[in-house]
Amino acid sequence: MTRQSFLHWLLLAAIISPMHQAAADQAIAPLPVPPPVASAAPAQAAPPPAENEAGNPGRFSIISENDYYVSPDDKHYTNGVRIAYLSGRVTPDGFWDGAFNGLSRTGLIFDGTEAHKRKYGFHLGQSMFTPNDTQSVVAPERDRPYAAWLYGGVNMLQETRHDSHDTLENFELEGGVIGRWALGGVTQNDFHQFIGVDQAKGWRNELKNEPGIMLTYERKWRFQQPLYGNLAIDAIPELGGTAGNIMTYGQASLLLRFGQNLKADYGPSRIRPSLSGTDWFDADRLDGQFGWYIYAGAQGRAVARNIFLDGNSFVNSPHVNKKPLVADLVTGAALFWSNSIRLDFTFTQRTNEFYNQTGHVDRFGGVNLTFQFF
């Protein structure tokens, strides 16, 4: 899949940063005797201005993940692209706030009794998977099948503040298709032809057309230890699960970060399944405009269903025997300026996903560009 994801890039940035400043003076009355003496107390310094999200129209992000970024391989999870929109703060008593409150009344998620902020998002994406040998026209017997997943989704996010930590909840619904409808072979081979790279010859053996759906809920806890100024370290454990005919799994994660302005998010956004901080970003929690961090983490998944390994749900199709436990190790860096622009880099190493998987473990890189909508 070498380099094909570069077609999906847009470069757009805008910097909007409202500033305000206030001061107060206090005078001391003159003394009666001897001759009058006047003095003044020093003015109180105004707190650093915060980015006001009241009129924030939202942000777009473009994620590209590809094995070519970090490895000469062209196999297994070989390319993923995701375009997403994150709203500004949800308006109280509006449509989206009503949807949050409806789920809150279940007593299971989105508790509205403590200080919180809510946002929603939409996304579109495509993920592609190939066997190790892409030059054979015959379906591989002991390697994962060709498959692609073309999807869209909506998610609802709520951050809740507590005395000792913050939490972030993400409730997400995705729907899409696999098979030729997902356009995996067209996307890969047309681009390979354009750049003069050998085409994958086995896409005729890909999984059959099938609509798919996934429902996801995850909760993160952020524990932060300030160091100096707005430098800090934090730990973000996470529990979650996904259910559907495309993938069904439970997961547990831990992300460790060091940097500046860590309260603005919960880590970089990634393509599922992954250790992802979601698309959440809150400019109101910035101390100054600039932020950065480096991070490392791990996610373990107990997998009950993976259609890209198990094959189609209702018809015979190529498949392999998946492993029930899979882990990702990730590291990377993030750089951002206020709510205007952001750039993330991620390296992921994934343990073997099926039995008799040959070669070294899968590796892929990711680049995420985010910019404010205006």
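The following paragraphs examine the structure supplied in this document. (Residues numbered from 1 in each chain as written. Predicted model: local features only at pLDDT ≥ 70, side-chain atom pairs only at ≥ 80, totals over all residues. Heavy atoms only, no water.)

1. Concerning the overall build of the protein
In step 1: Each helix and strand counted, the protein has three helices and 14 strands in total.
In step 2: Evaluated residue by residue, the protein yields a buried proportion of 49% over its 374 residues.
In step 3: Partitioning the intrachain contacts of the protein with sequence separation of at least 6 by distance along the chain shows that 72% fall at a separation of at least 24.
In step 4: Approximately 17600 Å² of the protein is accessible, and the part contributed by carbon and sulfur atoms is 63%. (Helix = DSSP H or I, 4+ residues; strand = E, 2+ residues; numbered from the N terminus. Buried < 20%, exposed > 50% of the residue type's maximum accessible area, 1.4 Å probe, protein only. Contact = heavy atoms within 4.5 Å. Areas by Shrake-Rupley, 256 points an atom, 1.4 Å probe, with all protein chains shown as cover.)

2. Remarks on unusual backbone geometry
In step 1: The omega torsion of the bond from Arg272 to Pro273 falls at 0°, within 30 degrees of zero and hence cis.
In step 2: The backbone phi angle of Leu183 is positive, close to 65°, even though this residue is not glycine.
In step 3: Checked against the element boundaries, Leu183 lands in the loop between strand E7 (166-178) and helix H2 (184-195).
In step 4: Phi at Asn356 takes a positive value of approximately 65°, unusual for a residue other than glycine.
In step 5: Under the relative-accessibility criterion, Asn356 is labelled exposed at 57%.

3. Details of the packing of aromatic side chains
In step 1: Counted by the stated rule, this structure contains 16 aromatic pairs.
In step 2: Judged by centre distance (5.0 Å) and plane angle (85°), the ring pair of Tyr77 and Phe364 falls under edge-to-face. Linking Tyr77 in strand E4 (residues 76-86) with Phe364 in strand E14 (residues 362-372), this pair joins segments that are 287 residues apart in sequence.
In step 3: A ring pair is formed by Tyr146 and Trp203, whose centres lie 5.0 Å apart and whose planes are at 50°; its orientation type is tilted. Within this pair, whereas Tyr146 is found in the loop between strand E5 (116-130) and strand E6 (147-161), its partner Trp203 is found in the loop between H2 and strand E8 (210-228), the two being separated by 57 residues in sequence. With respect to class, Tyr146 is no different from Trp203; both count as buried. (Phe/Tyr/Trp six-rings, centres within 6.5 Å; stacked < 30°, edge-to-face > 60°.)

4. Looking at the pairing of E14
Strand residues, when the strand is regular, have side chains that alternate between the two faces of the sheet.
In step 1: Buried residues dominate E14, accounting for ten of its eleven residues.
In step 2: Note that strand E3 (residues 59-66) and E14 share eight bridges and pair antiparallel. In the strand pairing of E14, Glu65 is matched with Gly366.
In step 3: Alignment of strand E13 (residues 341-350) against E14, held across ten bridges, turns out to be antiparallel. Note that in E14 the partner of Asp344 across the bridge is Asn368. (Pairing = 2+ DSSP bridges.)

5. Details of the sheet that holds E6
In step 1: In spatial order, the strands read E3-E4-E5-E6-E7-E8-E9-E10-E11-E12-E13-E14; together these twelve strands close into a barrel with antiparallel pairing. Going across the sheet, the axis of each strand differs from the next one's by a mean of 20°, ignoring polarity.
In step 2: Note that E4 and E5 share ten bridges and pair antiparallel. Counted as the bridge partner of Val81 is Gln126 from E5.
In step 3: Together, E5 and E6 form the strand contacts of H2, whose direction differs from that of E5 by roughly 70°. (Axes fitted to C-alpha atoms, helices over the stretch in contact; angles between N-to-C directions.)

6. Considerations on the pattern of salt bridges
In step 1: All chains considered together, the criterion is met by 23 salt bridges.
In step 2: Residue Glu65 is joined to Arg270 by a salt bridge in which the shortest nitrogen-to-oxygen separation is 3.0 Å. Of this pair, Glu65 sits in strand E3 while Arg270 sits in the loop between strand E10 (247-260) and strand E11 (290-306), and the two are 205 residues apart along the sequence. For the residue pair Glu65 and Arg270, the accessibility class agrees, reading buried in each case.
In step 3: As a salt-bridge pair, Asp279 and Arg82 come within 3.0 Å of each other at their nearest N and O atoms. Placement of the pair is Asp279 in the loop between E10 and E11 and Arg82 in strand E4, with a sequence separation of 197 residues.
In step 4: A network of salt bridges, in which partner residues are shared, links Asp234, Arg257, Asp265, Arg342 and Asp344. (Salt bridge = Lys/Arg side-chain N within 4 Å of Asp/Glu carboxyl O.)

Note that every value here comes from positions in space, so none of it alone points to a role or purpose.
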